[in-house]
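Coordinate analysis (summary)
Given next are the chains, with one letter for each unit.
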Amino acid sequence: MRLITSAFLIPLAALTAFAQPKQPSTATAKSTAGQALARPKLVVGIVVDQMRYDYLYRYYNKFGTGGFRRMMDGGFNARNNHYHYAATYTGPGHAAIYTGSAPALNGIVGNDFYERNIGRLLYCAEDTTVSTVGNTGTAGKMSPRNLLVTTIGDQLKLATDGRSKVIGIALKDRGAILPAGHSANAAYWFDSKDGSFISSTFYQNELPKWVQEFNARKLGDQFLAQKWEMTLPMNQYTESTSDDKPYESTMPGEAKSVFPHEFAVQTGSSKYEVLRTSPYGDQITKEFALAALKGEQLGQHDVTDMLCLSFSSPDYIGHAFGTHAVETEDNYIRLDRQLADIFSQLDATVGQGQWVAFLSADHGVVDVPGFLQEYRIPSGIKSYGEIGEVVKATLEKAYGPGQWMLSYINQQVYLNHALLTEKKISIQQVYELLRAALLKQKAVVNVVNLHNLGAEALPVLQENLFRNVYHPNRSGDFYVMQPPGWLEGRSKGTTHGTTYAYDTHVPFLLYGWGIKPGQTLRRTHIHDIAPTITALLKLLEPNGCIGNPVEEALK
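Numbers given for residues are sequential positions, taken from 1 along each chain in its written order. Local features are withheld for residues below a pLDDT of 70 in this predicted model, meaning they are given only at 70 or higher, and side-chain atom pairs are given and counted only at 80 or more; totals for whole chains, interfaces and linings count all residues. Side-chain descriptors were evaluated using all non-hydrogen atoms of the structure, hydrogens and water having been removed beforehand.

What follows is about the overall build of the chain. Helix numbering and strand numbering both begin at the N terminus, where a helix is a DSSP run of H or I of at least 4 residues and a strand a DSSP run of E of at least 2. Along the chain, the regular secondary structure elements total 18 helices and 24 strands. With the radius of gyration taken over C-alpha atoms, the globule rule is written as 2.2 Å times the number of residues to the power 0.38. Relative to the 2.2 N^0.38 estimate, which gives 24 Å for 555 residues, the radius of gyration of the chain is 23 Å and therefore close to what a compact globule would have. Along the first, second and third principal axes, the C-alpha set of the chain runs to 70 × 60 × 45 Å. Out of the 555 residues in the chain, the part that is buried amounts to 63%. When checking whether two residues touch, look at their non-hydrogen atoms; a contact exists if any pair is within 4.5 Å. Partitioning the intrachain contacts of the chain with sequence separation of at least 6 by distance along the chain shows that 73% fall at a separation of at least 24. In these tables, accessible area is a Shrake-Rupley quantity obtained with a 1.4 Å probe, and a residue counts as shielded only by the protein chains included in the view. Surface exposure of the chain reaches about 20,600 Å², of which carbon and sulfur atoms provide 52%. Charge assignment: positive for Lys and Arg, negative for Asp and Glu; neither His nor the chain ends contribute. Lys charges are placed at NZ, Arg charges at CZ, Asp charges at CG and Glu charges at CD. In the chain, the 51 positive side-chain charges and the 52 negative ones have mean positions that sit 3 Å from each other. Note on exposure labels: buried denotes an accessible area under 20% of the residue type's maximum, exposed denotes more than 50%, and partly exposed covers the range between, all computed with a 1.4 Å probe on protein chains only.

General note: in soluble globular proteins, nonpolar side chains tend to be found buried as a group. In terms of nonpolar packing, the biggest core is built from 143 residues, with Phe-68 and Phe-358 touching the most fellow members. Of all the elements, helix H11 (residues 326-351) adds the most residues to this core, at nine residues. For Phe-68, the residues in contact, after removing those within four places along its chain, are Met-51, Leu-56, Phe-63, Tyr-332, Leu-335, Asp-336, Leu-339, Leu-359 and Leu-509. Formed by 20 residues, the second largest nonpolar core is a distinct cluster that contains Ile-387, Leu-415, Leu-420 and Val-447. Throughout, nonpolar core names a set of buried Ala, Val, Leu, Ile, Met, Phe, Trp, Tyr and Cys residues whose side chains join them through atoms within 4.5 Å.

Reading across from one edge, S8-S11-S10-S9-S14-S3-S15-S22-S4-S23 is the order of the 10 strands in this open sheet, with mixed pairing throughout. Each having just a single partner strand, strand S8 (132-133) and strand S23 (518-520) make up the two edges of the open sheet. Whether two strands pair depends on DSSP finding at least two bridges between them. Inspection of the sheet shows S8 paired to strand S11 (residues 196-200) by two bridges, in the antiparallel sense. Looking at S11, one finds that Thr-132 is bridged to Ser-200. Here an axis means a line fitted to C-alpha atoms, over the contact stretch when the element is a helix, while the angle between two N-to-C directions is reported on a 0 to 180 degree scale. The strands touched by helix H9 (residues 279-295) within the sheet are strand S3 (42-48), strand S9 (166-169), strand S10 (186-191), S11 and strand S14 (305-311), with S14 carrying the most contacts at an inclination of about 170°.

Contact geometry for helix H3 (residues 90-99) and helix H6 (residues 173-180): axes closest at 8 Å, N-to-C directions at 25°. Between H3 and H6, the crossing angle belongs to the class labelled roughly parallel. As for how H3 packs across H6, the hand of that crossing is right-handed. Two secondary-structure elements touch here, H3 through Thr-90, Gly-91, His-94, Ala-95 and Tyr-98 and H6 through Arg-174, Gly-175, Leu-178 and Pro-179. Side-chain classes are defined by residue name, with Ala, Val, Leu, Ile, Met, Phe, Trp, Tyr, Cys and Pro counting as nonpolar, Asp, Glu, Lys and Arg as charged, and the others, Gly among them, as polar. Classifying every residue of the contact of H3 with H6 gives four nonpolar, four polar and one charged. Roughly parallel means an angle under 35 degrees; roughly antiparallel, over 145; roughly perpendicular, 65 to 115; everything else is oblique. Should the near helix be turned counterclockwise from the far one by less than a right angle, the crossing is left-handed, whereas a clockwise turn marks it as right-handed.

Further remarks concern the packing of aromatic side chains. Note on aromatic contacts: the rings of Phe and Tyr and the six-membered ring of Trp form a pair at centre separations within 6.5 Å, being stacked when their planes are under 30 degrees apart, edge-to-face when over 60 apart, and tilted otherwise. Scanning the entire structure with this criterion turns up 29 aromatic pairs. Ring plane angle 50° and centroid distance 5.4 Å describe the contact between Tyr-431 and Phe-478, whose orientation is recorded as tilted. On the criterion of sequence distance, the pair formed by Tyr-431 in helix H15 (residues 427-438) and Phe-478 in strand S20 (residues 478-481) is long-range, its members being 47 residues apart. Accessibility assignment for this pair places Tyr-431 and Phe-478 in one class, buried. By definition here, charges over rings are those cases where NZ of Lys or CZ of Arg is within 6 Å of the ring centre and within 35 degrees of the ring normal. Against the face of Tyr-316 rests Lys-172, its NZ or CZ located 5.2 Å from the ring centre.

It is worth spelling out helix H16 (residues 460-469) at this point. Among the 10 residues in H16, eight count as buried, and that is most of the element. Among the residues of H16, Gln-462, Glu-463, Asn-464, Leu-465, Phe-466, Arg-467, Asn-468 and Val-469 are the ones counted as buried. On its buried side, H16 packs onto helix H4 (103-106), strand S19 (446-449) and S20.

Below is the structure:
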């Protein structure tokens, strides 16, 4: 199978750009000649869940100088950075950033997907062989076992015979686990049941003392007792719509989607779930990251360590309120301050100039259809079950009763191959039948046969996106394309997951040790992030990597 990458030729002379001048007080490794090989003390990977590229500039004037702008103004900005496959969801995004691979190779084709070898839907980080560490619940039955390739952290571990420390942190389990990789010291995620950070027996059998001490602080209870107030006066949110919009979701216990937001007391197993859809989710993540820096003494060793940090709340807030909500702007103003706190602490503990950070996003997001319609831009909402029902009805009418479709998920139709073989019906026959039926439906612009992409009349760019997402055991047979601006299965708020620019175009910022300030507008891809970092560290790239280093960013 042919994988499409953003490959470009690098003249031999240009390879000298990767040579790093020896810098003082960095992590070092002895070469065979006994000379010190300079490397940064710590790599910090930052993923902002659902951060679309334009947010960097829409909110630029509201940012301080210590967070996003520190990276933008003092680092390298790949301004035309895009996803290279048609599955712009959280799990695939985190996997691709840290592996430099594609779902076609790394196996993470969605947050959930139908796994043909086991005959059911599989969650991307699911692992029924492990147990929760930190409480008695089931939220810790997770690991990176469904990820089929290595990560940056895995390569760092292999290169140092395990001496480097690699830690993953996020509210979402998949946002912590997939970046950290298989050989990480630990990954930690937030359990809404008791407001604590947990892990799994894949990594360890007991939480370290510093994690136990952090959980004992009960920050979740402190945040639940507060309101979410606006950081600025209302008239200063000039990058947002008015606060009261009918297409925004409401938080639990609220009648309207307006400030201030109060956290209604939740009962049952999700008491702390509401914190995810607030800036306090990012704040608790930041506080835990700072505790990890101290508790694990990251950046204090004779080899390079790595911290994989994902901020999940922008995704929850974006889904609920949309791309132009006051809530979204307020959260990014606050997140900017959280990043500044982290960078300041890195300067103090690791040393200014001795660490390197990169920042990207796992996917972008579409504007809320209600917002787009205010500007007469074509958009709309399609019920989630509509496509699946048309597929089932069409197949049963043509071939008789039977489970012809196994699943419809991630905009893909999964056919029952065993039944088709039994009835001697080819996939191409089914494709032609379903394509004719689905194209008659509202807001379906194409039906793509993932088995025969060469025969599809698609722009080359989109053909490549489909080619890089197709994994035979985990992908569907047909991809049902909707027009730009349309979303499926959500009456308020917004979502993501398409091949369009609003979902593929995300930030890629680099800052710190070994990074040459500047920017590029040439098209780079998510699969270029991992090889850029491993080139900086003078490591072999991850084993499923299909990208190339962004050489302009490296000294």
